[in-house]
Number of protein chains: 4
Amino acid sequence: MTTRMIILNGGSSSGKSGIVRCLQDVLPDPWLAFGCDSFVDALPARMQASGTGIEITADGGVSVGEDFRALEEFWTEGVVAMARAGARIIIDDVFLGGAASQRRWLKRLDDVEVLWVGVRCESEVAAGREVARGDRAKGMAASQADAVHEGVAYDLEVDTTRAEAMACARTIAARVRRPAER
Amino acid sequence: MTTRMIILNGGSSSGKSGIVRCLQDVLPDPWLAFGCDSFVDALPARMQASGTGIEITADGGVSVGEDFRALEEFWTEGVVAMARAGARIIIDDVFLGGAASQRRWLKRLDDVEVLWVGVRCESEVAAGREVARGDRAKGMAASQADAVHEGVAYDLEVDTTRAEAMACARTIAARVRRPAER
Amino acid sequence: MTTRMIILNGGSSSGKSGIVRCLQDVLPDPWLAFGCDSFVDALPARMQASGTGIEITADGGVSVGEDFRALEEFWTEGVVAMARAGARIIIDDVFLGGAASQRRWLKRLDDVEVLWVGVRCESEVAAGREVARGDRAKGMAASQADAVHEGVAYDLEVDTTRAEAMACARTIAARVRRPAER
Amino acid sequence: MTTRMIILNGGSSSGKSGIVRCLQDVLPDPWLAFGCDSFVDALPARMQASGTGIEITADGGVSVGEDFRALEEFWTEGVVAMARAGARIIIDDVFLGGAASQRRWLKRLDDVEVLWVGVRCESEVAAGREVARGDRAKGMAASQADAVHEGVAYDLEVDTTRAEAMACARTIAARVRRPAER
């Protein structure tokens, strides 16, 4: 079967966005990229720091509220609909709820073929990159590094601790199933 | 009937994004905002300057290719699916094809109730704002100011030439139909 | 005498940055633009939310500490040195200390000819634009609208409440003294 | 003598900005960071794509014109003046002219103590990171990787090919001379 979606899960500053851009570069077909960052950008500003939306504490903790979860469900539904309509989709997500977050996707995917990718990065290295990028609350990388992978099942895992984004992208691309040539 | 989507159409630098953020602020329910900018961000980088993707000339002209149009169809399908699932959606679009661009939405909307909004801005004023924002190719505002409205039907129109984004948002919000109170 | 610096002072969301970009566009010579935003970007991340650096409260209040003030003095010295070396400089500043902030510049300017510009915007309108731009803490515009002008002396004032950035820029540009033609 | 400036030179996508942010984090005193990116941001928009300003070709080549060079001289003068006034300054530069670019700094530094740092990254790795970051013209990293170091003398060199930004920052920080303790 043809891969319609690639879903990457990993902690903050594990290098997901870089891998996504490399994937879009190395894959011959055009793939659309969405993720938790673009979802949060779509929210009303008032939900970006509130109990019903998403809150980021000074030490990088993230908690999301009821309204956030509801909108996320609708968004998930729509993204899967794009794939079903014919788009190739790469998702860059942070499974704050671990296995439960994966189930949120699974219950909507139905017949859509997904390549599940875990993006690992050693906590200390991710924490250093968090400082280097300079646009994330300090502590977020460390607090998410392992937690987001708990109970999640993958088709393959990559580790950016010692591998470049481009190398990880090539590893992932090799596993993408394209329509049979005739 | 309850309004599920608000679709704003207007030329570059006509002030759509500002109105969207004000709408998200004044509307009591949480609305998700998407648009042509977030769609283009989702494309592979190589499509952002090519004959098959989107090309912006030195004088601000915009042309889009076949692959762009195909992906846009899938994206449109998915965004409407979000609304159908229960989300309230604001779209900020530039109808490069005028009436034909509106038909792209219409053929997928079916039973989803939309509030169609034209965002006008006098060409010369939009051109000045284009310079003031500093992140758009000079000439884009002027070339799109009138063309994007040709043959498009609206529920209401706002004009940012002399009205603030917040005032336009309030005018639009007053026309949004909410579920009947009981 | 030839104008070497243009210093704009106004509250948050009063439209200074837009005027600066329009000034750079309409002035025939090349002018370099710096300001409080680019200064803050140059600070260590840890000073962007601390008692010794700059702190922005949830309601948009801004307070700066001792280290911030010391670095700002050095930065001011260097910017004036650029003008003295031959550069034309536009500064976009927020005089949190009103007249005292202007004195910070005055004591270093010496023989450098400056055009002082006050950028006004009615508090309510600035507050609406703050929502429309979406990247500033709500309340900052209102709290700064009048306070930053207290006791400050200008060569001219512009008001963006009803005038476009480009129109304000043309008014300012008309007052810039260029080297005498021979 | 006390180090007043740290000047980093390296090609595009060699990892300079990340090292700068890590340096600002690990150095106990507050250091201000400037560089060629913040300088280009200060230029009029019309100079960012013209023969007199800076031009970036489709394959990532960079050429700068006469006006650019003149303004850069004034800017250099001002940045050194900040250090002389008392600021600690980190510069992140791309020596397009190799040794000549270093001389531009040297002739103004006089008595200001500088730590010169070369930032290396293997061309192929930098090219991959260029794709991963997604905001630079493809080819710029490869074309600058070696050229910018020609004839330049350093106090130390770091190589980001296999070392993290944070590790490089620690190596550099260990070489910064602080005022003698009493």
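Description of the structure in this document. (Residues numbered from 1 in each chain as written. Chains lettered and ligands numbered in written order. Predicted model: local features only at pLDDT ≥ 70, side-chain atom pairs only at ≥ 80, totals over all residues. Heavy atoms only, no water.)

**Quick look at the relation of the copies chain B and chain A**
The two copies are related by a screw motion: chain B maps onto chain A through a turn of 180 degrees and a shift of 0.0 Å along the axis, at an RMSD of 0.0 Å. Expressed as an axis order, the relation between the two copies is that of a two-fold axis. For chain B, the smallest separation between a C-alpha atom and the rotation axis is recorded for B:Gly78, amounting to 2.2 Å. Residue by residue, 100% of the interface of chain B is reproduced at the interface of chain A, so both copies engage with the same surface. (Least-squares fit on C-alpha atoms with pLDDT ≥ 70 in both. Contact = heavy atoms within 4.5 Å.)

**Focus on the arrangement of the chains**
A minimum C-alpha distance of 7 Å separates chain A and chain C, which share no contact. Nothing in chain B touches chain D; the tightest C-alpha to C-alpha distance between them is still 7 Å.

**Concerning the relation of the copies chain C and chain B**
Screw-axis analysis of chain C against chain B gives a translation of 0.0 Å along the axis, an RMSD of 0.0 Å, and a rotation angle of 180 degrees. Mapped onto chain B, 100% of the interface residues of chain C are again interface residues, and the two copies thus contact each other with one and the same surface.

**Description of the interface of chain B and chain A**
Opposite the 28 residues of chain B that make contact, chain A presents 28 residues. Between chain B and chain A, the buried area comes to about 2200 Å², and carbon and sulfur atoms account for 68% of it. The tally of links between chain B and chain A comes to zero salt bridges. At the boundary of chain B with chain A, the tally comes to 14 residue pairs in polar contact (both at pLDDT 80 or more). (Buried area = accessible area lost by both parts, 1.4 Å probe. Salt bridge = Lys/Arg side-chain N within 4 Å of Asp/Glu carboxyl O. Polar contact = N/O pair within 3.5 Å; in protein donor to acceptor, adjacent residues only side chain to side chain.)

**Things to note about the packing of aromatic side chains**
Applying the stated criterion across every chain, the model contains 16 aromatic pairs over all chains. Note on A:Phe39 and A:Phe68: the rings are 5.2 Å apart at their centroids and 85 degrees apart in plane angle, and the pair reads as edge-to-face. Here A:Phe39 is found in helix H2 (residues 36-42), whereas its partner A:Phe68 is found in helix H3 (residues 66-85), with 29 residues between them in sequence. A residue is classified by how much of its surface remains accessible, and A:Phe39, at 2% relative accessible area, is buried. Since its relative accessible area comes to 5%, A:Phe68 is described here as buried. Measuring from ring centre to ring centre gives 5.3 Å for B:Phe39 and B:Trp75, while their planes differ by 45 degrees; the resulting arrangement is tilted. Placement of B:Phe39 in helix H2 (residues 36-42) and of B:Trp75 in helix H3 (residues 66-85) is noted, with a sequence separation of 36 residues between them. The same class applies to B:Phe39 as to B:Trp75, namely buried. Ring pairing ties together the aromatic residues A:Phe39, A:Phe68, A:Trp75 and A:Trp105, which thus form one cluster. (Phe/Tyr/Trp six-rings, centres within 6.5 Å; stacked < 30°, edge-to-face > 60°. Helix = DSSP H or I, 4+ residues; strand = E, 2+ residues; numbered from the N terminus. Buried < 20%, exposed > 50% of the residue type's maximum accessible area, 1.4 Å probe, protein only.)

**A word on the sheet that holds strand E7 (residues 156-159) of chain D**
In a beta sheet, neighbouring strands are held together by backbone hydrogen bonds and run either parallel or antiparallel to one another. All names here are of chain D. Judged by pairing direction, the sheet is parallel, and its five strands sit side by side in the order E2-E5-E1-E6-E7 without closing on themselves. Both edges of this open sheet fall to strand E2 (32-35) and E7, since each of them pairs with a single strand only. Here the strands of the sheet are splayed against their neighbours by 20 degrees on average, with no regard to which way each runs. Bridging between E2 and strand E5 (residues 89-93) involves four bridges; their strand directions are parallel. Residue Phe34 lies in a different strand from E5, and its bridge partner there is Ile91. Sheet contacts for helix H1 (residues 16-26): strand E1 (5-9), E2, E5, strand E6 (114-120) and E7; angle to E5, the most-contacted strand, approximately 170 degrees. Those strands touched by helix H4 (residues 99-109) are E1, E5 and E6, and its axis lies near 170 degrees from that of E6. (Pairing = 2+ DSSP bridges. Axes fitted to C-alpha atoms, helices over the stretch in contact; angles between N-to-C directions.)

**Section: the sheet that holds strand E5 (residues 89-93) of chain C**
Residues and elements named next belong to chain C. Ordered in space as E2-E5-E1-E6-E7, the five strands form an open sheet in which the pairing is parallel. The sheet is open, and its two edges are formed by strand E2 (32-35) and strand E7 (156-159), each paired on a single side. Across this sheet, the average inter-strand angle for adjacent strands is 20 degrees, counted without regard to direction. When strand E6 (residues 114-120) meets E7, the two strands line up parallel, connected through four bridges. Within E7, the position partnered with Val119 by the bridge is Val158. On the sheet, helix H1 (residues 16-26) packs against strand E1 (5-9), E2, E5, E6 and E7 and is oriented at approximately 170 degrees with respect to E5.

**What about the packing of helix H1 (residues 16-26) of chain B against helix H7 (residues 165-173) of chain B?**
All names here are of chain B. The contact between H1 and H7 brings their axes to 8 Å, and the two run at 55 degrees. Relative to H7, the element H1 is oriented oblique. Crossing angle aside, the handedness with which H1 passes H7 is right-handed. Here Gly18, Ile19, Cys22, Leu23, Asp25 and Val26 of H1 come into contact with H7, specifically with Ala165, Met166, Cys168, Ala169, Arg170, Ile172 and Ala173. (Parallel < 35°, antiparallel > 145°, perpendicular 65-115°, else oblique. Left-handed = near helix turned anticlockwise from the far one by under 90°.)

**Concerning the state of the cysteines**
Applying the stated criterion to the full structure yields zero disulfides over all chains. A:Cys168 takes part in no disulfide bond, and the closest cysteine sulfur to it belongs to A:Cys22, at a distance of 8.8 Å. The exposure class assigned to A:Cys168 is buried, which follows from its relative accessible area of 3%. Here B:Cys121 is not cross-linked by a disulfide; its sulfur's nearest cysteine counterpart is in B:Cys168, at 9.6 Å. When its relative accessible area of 8% is taken as the criterion, B:Cys121 is described as buried. (Disulfide = S-S within 2.5 Å.)

**Focus on the nonpolar core**
Counting residues in hydrophobic clusters, the biggest one holds 58 residues, and the most contacted among them are A:Met5, A:Ile89, A:Trp105, B:Met5, B:Ile89 and B:Trp105. In this view, B:Trp105 contacts B:Met5, B:Ile7, B:Trp75, B:Thr76, B:Val79, B:Val80, B:Ile91, B:Asp93, B:Phe95 and B:Trp116; residues no more than four positions away in its chain are not counted. Residues C:Leu43, C:Val80, C:Met82 and D:Leu43 belong to the second largest nonpolar core, which totals 57 residues. (Core = buried A, V, L, I, M, F, W, Y, C linked by side-chain atoms within 4.5 Å.)

**A closer look at the interface of chain C and chain B**
Each partner contributes to the interface: chain C provides 17 residues, whereas chain B provides 17 residues. On the chain C side of the contact with chain B, C:Val131, C:Ala132 and C:Glu164 bury the most area, a combined 41% of that side's loss. Taken together, the connections running from chain C to chain B amount to four salt bridges. Close ionic contact of B:Glu164 with C:Arg129 constitutes a salt bridge, the shortest N to O distance being 2.7 Å.

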